[in-house]
Amino acid sequence: MFADPFEIGYDPSVRRVPNSSAYVYRIGEHASDSPDKDRYFRTVNSIVVPSRICITGRATRVMEVQEVLSFEDPTPIPDSKIYVLRDAWMEQDARTERQIQAAIFDDLEAFGEQLLTSHLEPDQFADFDEDMKAEVRDIFSRNAYKEYFLTIVCDSVGSVSKTVAPGCAQIEDIFDPEPQKQSPIRQIITSPTEHKPSDSSAYHTGSERQYRPVKPYRLVFAERCSTLDDGTIKSLQDVFSLARECLTGNVQPSSPLS
């Protein structure tokens with residue numbers, strides 16, 4: 001009687017499907033720089049759902065989803081495909097991923113135009129062989145640099161949380177930390193002599209949390225990515241193939257041509 005649904009933690013943009021463990025997310029309300037109308041996505045499978053005892057932080061979850069008609073009718077729309085939804089918290093003044101990606105694309109477009117019209121080579125080409133230079137020029141000539149980024153289908157920003165009430169104090173050591181399961185990748189790169197803290201001190205940074213106001217941010221990607229723990233990386237060749245793609249995509253457009 002003293003708080004509205006939002007203040008007691010109710011999120012009107014998420015509903016559970018009756019008689020199911022699935023949820024439907026509404027994406028589009030208060031969308032960041034997006035003209036998209038409201039769209040609805042039903043969870044199909046979990047990709048990343050970390051189990052942590054800490055209720056602060058980004059609390060990122062990643063799920064496979066399928067577009068449906070509405071909350072009331074969670075039936076897949078005709079010819080709907082599987083997307084990936086990422087649900088996380090971010091600080092209230094932080095830029096969204098769509099905004100960051102748009103800024104990167106603007107810089108890359110300007111860099112590519114200068115690259116193709118100037119006879120000088122950029123500083124980034126200093127350690128590139130001729131094949132790599134040709135590959136980068138070809139990418140910009142075809143305007144194909146966006147292929148190195150995930151495709152954002154739609155996104156949505158929720159309401160900002162309240163500030164901490166006056167007089168509140170942080171209390172530590174309420175819970176005992178749960179043992180952390182080590183991923184296969186981590187097991188490979190961890191030295192046998194590496195120190196693995198087991199007490200609660202490993203969970204404290206030594207600085208007091210600020211508990212700044214945050215906002216929920218959800219975005220839907222067109223591509224289904226894999227985590228390093230799911231066995232996708234099977235050989236050293238896979239590692240170097242990914243590293244090469246990252247190198248190709250990480251040309252810094254901010255530096256002028258020499």
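Just so it is clear, the structure is predicted and the values come from calculations on it, not from any experiment.

Parameters and conventions
- Residues numbered from 1 in each chain as written.
- Predicted model: local features only at pLDDT ≥ 70, side-chain atom pairs only at ≥ 80, totals over all residues.
- Heavy atoms only, no water.
- Helix = DSSP H or I, 4+ residues; strand = E, 2+ residues; numbered from the N terminus.
- Buried < 20%, exposed > 50% of the residue type's maximum accessible area, 1.4 Å probe, protein only.
- Contact = heavy atoms within 4.5 Å.
- Areas by Shrake-Rupley, 256 points an atom, 1.4 Å probe, with all protein chains shown as cover.
- Axes fitted to C-alpha atoms, helices over the stretch in contact; angles between N-to-C directions.
- Parallel < 35°, antiparallel > 145°, perpendicular 65-115°, else oblique.
- Left-handed = near helix turned anticlockwise from the far one by under 90°.
- pLDDT = per-residue confidence, 0-100.
- Pairing = 2+ DSSP bridges.
- Polar contact = N/O pair within 3.5 Å; in protein donor to acceptor, adjacent residues only side chain to side chain.
- Salt bridge = Lys/Arg side-chain N within 4 Å of Asp/Glu carboxyl O.

Novice: Teacher, can you tell me more about the overall build of the chain here?
Specialist: Within the chain, the secondary structure is distributed over 4 helices and 7 strands. Its helices and strands taken in sequence order, the chain reads β-β-β-β-β-α-α-β-α-β-α from the N to the C terminus. Here the chain holds 258 residues, and the buried ones make up 29% of them. For the chain, contacts bridging at least 24 residues in sequence account for 68% of all contacts bridging at least 6. Put simply, the chain shows about 17700 Å² of open surface, and 53% of that area lies on carbon and sulfur atoms.

Novice: What should I look at first to understand the packing of helix H1 (residues 97-117) against helix H2 (residues 130-141) in this one?
Specialist: Two packed helices can be described by the angle between their axes and the distance between those axes. In the contact formed by H1 and H2, the axes pass within 9 Å of each other and the chain directions differ by 115 degrees. With respect to H2, the element H1 is oriented roughly perpendicular. Every pair of crossing elements has a handedness; the one defined by H1 and H2 is left-handed. Along the contact surface, H1 presents Leu 108, Phe 111, Gly 112, Leu 115 and Leu 116, while H2 presents Val 136, Arg 137, Phe 140 and Ser 141.

Novice: How should the confidence of the model for the chain be read in this particular structure?
Specialist: If pLDDT is low for a region, its predicted coordinates should not be looked at in detail. Looking at the chain as a whole, its pLDDT mean stands at 78, while 74% of the residues score no less than 70. Predicted confidence for residues 185-203 stays below pLDDT 50, and this span has 15 contacts to residues more than four positions away or in other chains. In this model residues 252-258 is a low-confidence stretch, pLDDT under 50, and it forms 19 contacts with partners more than four residues away in sequence or in other chains.

Novice: Can you help me understand the pairing of strand S5 (residues 82-91) in this one?
Specialist: Regular strands have side chains that alternate between both faces of the sheet. The sheet contact formed by strand S4 (residues 61-68) and S5 spans 6 bridges and is antiparallel. The partner of Met 63 across the bridge, within S5, is Leu 85.

Novice: Can you help me understand the side chain of Ser 70 in this one?
Specialist: With respect to the element layout, Ser 70 can be found in the loop between S4 and S5. Side-chain polar atoms of Ser 70 contact the backbone nitrogen of Glu 72, separated by 3.3 Å. Only 3.0 Å separates the side chain of Ser 70 from the backbone nitrogen of Asp 73, close enough to count as a polar contact.

Novice: Can you walk me through the pattern of salt bridges in this structure?
Specialist: When the charged atoms of two side chains lie near each other, side chains of opposite charge can form a pair. Summed over all chains, the structure comprises 12 salt bridges. Between Asp 11 and Arg 218 there is a salt bridge, and its shortest N-O distance comes to 2.8 Å. You can see Asp 11 sitting in the segment before strand S1 (14-16) and its partner Arg 218 sitting in strand S7 (residues 214-221), a full 207 residues away along the chain. Judged by its relative accessible area of 25%, Asp 11 falls in the partly exposed class. Between Asp 87 and Arg 218 there is a salt bridge, with the nearest N and O atoms lying 3.1 Å from each other. Residue Asp 87 is found in strand S5, and its partner Arg 218 is found in strand S7; the two are separated by 131 residues along the sequence. Linked through salt bridges whose partners overlap, the residues forming this network are Asp 11, Arg 61, Asp 87 and Arg 218.

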